[in-house]
Amino acid sequence: MWTRRRLYSTAKATISQKSRYKPVIGLEVHVQLNTLTKLFSRCPTSEAPPNRRVLPFDMATPGILPKLNRQCVHRALKMARILNCHVPEWSRFDRKHYFYADMPAGYQITQNERPIAKDGVFGFWVFDEHLEKAYWKEVQILQLQLEQDSGKTIHLTESDETGPPKSLIDYNRAGCALIEIVTSPCFETAIEAIRFVQTLRLLLIHHNLCDGELHKGHMRVDANVSLSKDHVEGTRTEIKNMNSIRTIHTAINFEIARQFEILSANGKVINETRAADSMGRTVPMRDKEVETDYRFMIEPNLPKLVIKEEWRRQADEELEKEGKADFEWLRDVIGFDARSAVHIAEEPELLTFVKRCVRHKEPAVTADEILYWMRELKIIMQRSKVNYPPQSDFFAKQFTTLISCQHRLTRLRLLELLRLYATGEYVEDVLEFIEANSFWRITSPEKIDEFVEKSMKKDAKLAGKVRSGHAKSFNRMRNLIVDGSEKCIELEDVETAIRRFLDRK
Amino acid sequence: MLRSIIALTKRSAHSGKGKTKTPFAGDEVLVPAEPYNSKIENSSLSEMPPIDASLISHLERLSLVRFDSEQAVANLRNSIRMAKKLELVDVEGVEPMHTVWEDQECPTFEDIEEEPLPIEEVFRNATVRFDDFFVTPPGNVPLESKERFDLNVINEWDTLGKPVAPEAKTTRMTERKK
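Model, not experiment: these values are computed from the prediction.

**A short note on the overall build of chain B**
A count of helices and strands for chain B gives five helices and three strands. What you see in chain B, going N to C, is helices and strands ordered as α-α-α-β-α-β-β-α. Counting every position in chain B, which comprises 178 residues, the buried fraction comes to 8%. Long-range pairs, those at least 24 residues apart, make up 60% of the contacts in chain B between residues at least 6 apart in sequence.

Have a look at this one:
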């Protein structure tokens, strides 16, 4: 058992011992395909109240045969290409037996021995706020298997209203098409695992394979976690059914910490299935510790699935047509860093804004410059209590124009213009607006000196303090001059000019 | 399959020879009237597994059929012996057959929706119904956790990052500092 007391006793040993352990993580990602009908029946997959999306096959009515959905095969072939897998000439289906109420046939039709695709490799960037430099990671994909989803179960505890504890079953999801992606145990941290899932998600959405809403269960992730000690493999546990990026991260780290605590106290990790609770803790799921006997057998009702040359070609052509995903385009073509590219692509509104900026921008404006000014813009808009990012194409155009003029404007003037355009109802082209008001940065020393002289004369009292070397007064005078110039002189330029003025007198 | 063997095992314990029937009157009966007794000696078979309580309960759980008498267990033993005889068949280099349709290719169907069953049809065989759900005995509920939760301890394992969980999705811009 894992107790609070043990934590304190091991806390000291932790640092020296930790380096001997290495987390080993493998993932199984269940991707719900966004086909119109289920994998083996033509029952619609659209959302509906409980048990409204059921055909006889889906509830295992005897005598109904499976009818394989061609679109599911097509999507599997596309996914195989994305994950650089090998697609054998033919594949086959197997029955995996469970006895759960949400699996009405008593078995799941899946692919065990002869999956539709295998031996892939998938590369992605690993980045994090606290990670100095993003790095490229490649994972081995063991196989892709087409399989049926189960129904949904709601557990009801005992109550006066509903009587003894019971499970309620909804078969709407039963028989929906899944592709399970099995990776080799090659992830070393939870961050690597979540970056893999995030990247995969964006690709699946882009190529129209999956709707990608994790909270709706479109992608469910199982993680196999173990700790190897001095390069000796440890016993692994499996965390089932995680459906948010945050949960995947926390639960994997929780499980690693839990196993470390057991192992460092000379305990034994039990091979078991665990679930992640709402906090991300992992909890034992099945009370039996004996390994489940799935009694795999070849599905007799489905002959060999021979992959036609034409199907492969169609998959390739479609991928070709769909081109790069937004995050890849932002990263590889426009030059955003891996992290920003993914974050922008994950936010539809932000993505729309950035796409507009890219369309309007001068070629010389870099991705880093756009990012820098977007951050400034965000602060401005939040302070003015308006929604970020801006929705209009007009604004995006003015925004990029301002960025390309950033060296001909003072920083304060630029920020002020951003504020005006982001919060006001300006419809005038920003260049015309700048021209009309002569907002260009004043760089000529003579002109700046004029401003300084004028202000020093105007406020003789303050000028006296500036002369005596009072720092605060110096700053005050500087600010007055900047304001007097309508923010058209850069702060540093004013400071130099005041010093010049003081030296002269 | 296991289930059917056990079911057969049970039935053979107390049923005699019935009247032979064919789907269509006048068809030839292909099943021999008398059982064929194998001439293979039991001594040439591989060793029988010990049939103990744990194996019985394992088989009961898999097949969902209860062994209700000693006779049923004896019949199981006979069935295993029968299967053991098959081990003597030479299958060297022979790919196991799994269907009689081996030369056929799996047909595929277009992704076109059909009308799902009306809800009353779906529930026609259900004895218990709760609103629009089927009802079953409670199963596979994750156990409660009383374990403490300290993100700092947990995330120390992310050698990459600081001990914080990643932010939930926000519109926060996360670009590098310029």
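**Looking at the overall build of chain A**
Helix and strand counts for chain A stand at 17 helices and 16 strands. Scaling as 2.2 N^0.38, a compact globule of 505 residues should have a C-alpha radius of gyration of about 23 Å, whereas chain A reaches 31 Å, well beyond that. Viewed in the frame of its principal axes, chain A has a C-alpha envelope of about 100 × 60 × 55 Å. Per-residue burial over chain A gives 43% buried out of 505 residues. The contacts of chain A with a sequence gap of at least 6 include a subset with a gap of at least 24, amounting to 71%.

**Focus on the confidence of the model for chain A**
On average, residues of chain A carry a pLDDT of 89, and 95% of them reach 70 or more. Below pLDDT 50 for its whole length, residues 1-12 of chain A participates in 11 contacts with residues either more than four positions away or in separate chains.

**With respect to the sheet that holds strand S13 (residues 273-276) of chain A**
All names here are of chain A. One open sheet accounts for eight strands, arranged S6-S7-S10-S1-S11-S12-S13-S14; its pairing is mixed. This sheet does not close on itself; its edge strands, each paired only once, are strand S6 (117-126) and strand S14 (282-284). Geometrically, the sheet is characterised by an average inter-axis angle of 30° between neighbouring strands, direction not taken into account. One ladder, built from five bridges, connects strand S1 (residues 21-32) with strand S10 (residues 177-183); its direction is antiparallel. Bridge assignment links valine 29 to a residue of S10, and that residue is isoleucine 181. Along the sheet, helix H3 (residues 70-82) contacts S6, strand S7 (135-148) and S10; its crossing angle with S7, the most-contacted strand, is approximately 165°.

**Observations regarding the sheet that holds strand S9 (residues 166-170) of chain A**
With respect to topology, four strands assemble into an open sheet ordered S8(A)-S9(A)-S3(B)-S2(B), the strand pairing being antiparallel. The open sheet has two edge strands, strand S8 (152-156) of chain A together with strand S2 (129-130) of chain B, and neither has a second partner. By the bridge criterion, three bridges tie S9 of chain A to strand S3 (residues 133-136) of chain B in an arrangement that is antiparallel. Paired with leucine 168 of chain A across the two strands is valine 135 of chain B, which belongs to S3 of chain B.

**Notes on the environment of glutamate 129 of chain A**
Residue and element names in this part refer to chain A. Within the secondary structure, glutamate 129 is located in the loop between S6 and S7. Looking at glutamate 129, the number of C-beta atoms within 10 Å reads 13, which means it is partly exposed. Taking the C-alpha atoms as reference points, glutamate 129 and phenylalanine 57, separated by 72 residues in sequence, lie 48 Å from one another.

**Quick notes on the packing of helix H4 (residues 190-206) of chain A against helix H5 (residues 245-264) of chain A**
Residues and elements named next belong to chain A. Running from N to C, H4 and H5 point in directions that differ by 155°, and their axes come no closer than 9 Å. Regarding the angle of H4 to H5, the classification is roughly antiparallel. The handedness of the crossing between H4 and H5 is right-handed. Touching Ala190, Ala193, Ile194, Val197 and Gln198 of H4 are Ile245, Ile248, His249, Ile252 and Asn253, all from H5. Classifying every residue of the contact of H4 with H5 by side-chain character gives seven nonpolar, three polar and no charged.

**A look at the domain arrangement of chain A**
Residue and element names in this part refer to chain A. Domain boundaries in chain A define domain 1 (22-306), domain 2 (347-437) and domain 3 (445-504). Look at where the C-alpha atoms of domain 2 and domain 3 centre, and you get two points 30 Å apart. Each partner contributes residues to the interface: domain 2 has five residues there, and domain 3 has five residues. Classifying every residue of the side of domain 2 that touches domain 3 by side-chain character gives one nonpolar, one polar and three charged.

**Observations regarding the pairing of S1 of chain A**
Of the pairings in the sheet, the one linking S1 of chain A to strand S11 (residues 219-229) of chain A comprises 11 bridges and is antiparallel in character. Along S11 of chain A, the bridge assignment pairs lysine 22 of chain A with serine 228 of chain A.

**Topic: the packing of helix H9 (residues 348-360) of chain A against helix H11 (residues 393-404) of chain A**
Residues and elements named next belong to chain A. H11 packs onto H9 with a crossing angle of 55° between their chain directions and a minimal axis gap of 8 Å. The angle between H9 and H11 falls in the class oblique. The two elements H9 and H11 cross, and the hand of that crossing is right-handed. Taking contact as the criterion, the partners of Phe353, Arg356, Cys357 and His360 in H9 are, on H11, Asp393, Ala396, Lys397, Phe399 and Thr400.

**Notes on unusual backbone geometry**
Residue and element names in this part refer to chain A. A cis amide bond, omega -5°, links tyrosine 388 with the succeeding residue proline 389. Along the polypeptide, proline 389 turns up in the loop between helix H10 (367-383) and H11. The phi angle at asparagine 241 is positive, at roughly 55°, despite the residue not being glycine. When the 15 C-beta atoms within 10 Å are taken as the criterion, asparagine 241 is described as partly exposed.

The rules we used
- Per chain, residues are indexed from 1 in the order of the written sequence.
- For this description, chains carry letters from A and ligands carry numbers from 1, given in the order in which they are written.
- The predicted origin of the model limits local features to residues at a pLDDT of at least 70 and limits the giving and counting of side-chain atom pairs to 80 or more, whereas totals for whole chains, interfaces and linings rest on all residues.
- Put simply, DSSP H or I for four residues or longer makes a helix, DSSP E for two residues or longer makes a strand, and each gets a number counted from the N terminus.
- Partly exposed residues are those whose C-beta has more than 12 but fewer than 20 other C-beta atoms within 10 Å; 20 or more makes a residue buried and 12 or fewer makes it exposed, with C-beta atoms placed from the backbone.
- Here the contact rule is simple: place C-beta atoms from the backbone, and any two residues whose C-beta atoms are within 7 Å are in contact.
- Only C-alpha atoms enter the radius of gyration; for comparison, a globular chain is expected to reach 2.2 Å times N to the power 0.38, where N is the number of residues.
- Think of pLDDT as the predictor's per-residue confidence, scored from 0 to 100.
- In short, DSSP must find at least two bridges between two strands for them to pair.
- The angle between two axes is taken between their N-to-C directions and runs from 0 to 180 degrees, where each axis is a line fitted to C-alpha atoms and a helix contributes only its stretch in contact.
- Any angle that falls under 35 degrees is termed roughly parallel, while one over 145 is termed roughly antiparallel, one within 65 to 115 roughly perpendicular, and all others oblique.
- Take the far helix as the reference: if the near one is turned anticlockwise from it by less than a right angle, the crossing is left-handed, and if turned clockwise, right-handed.
- Any residue outside Ala, Val, Leu, Ile, Met, Phe, Trp, Tyr, Cys, Pro, Asp, Glu, Lys and Arg is labelled polar, Gly included; the first ten of those are nonpolar and the last four are charged.
- For each domain, the first and last residues come from an automatic or database assignment.

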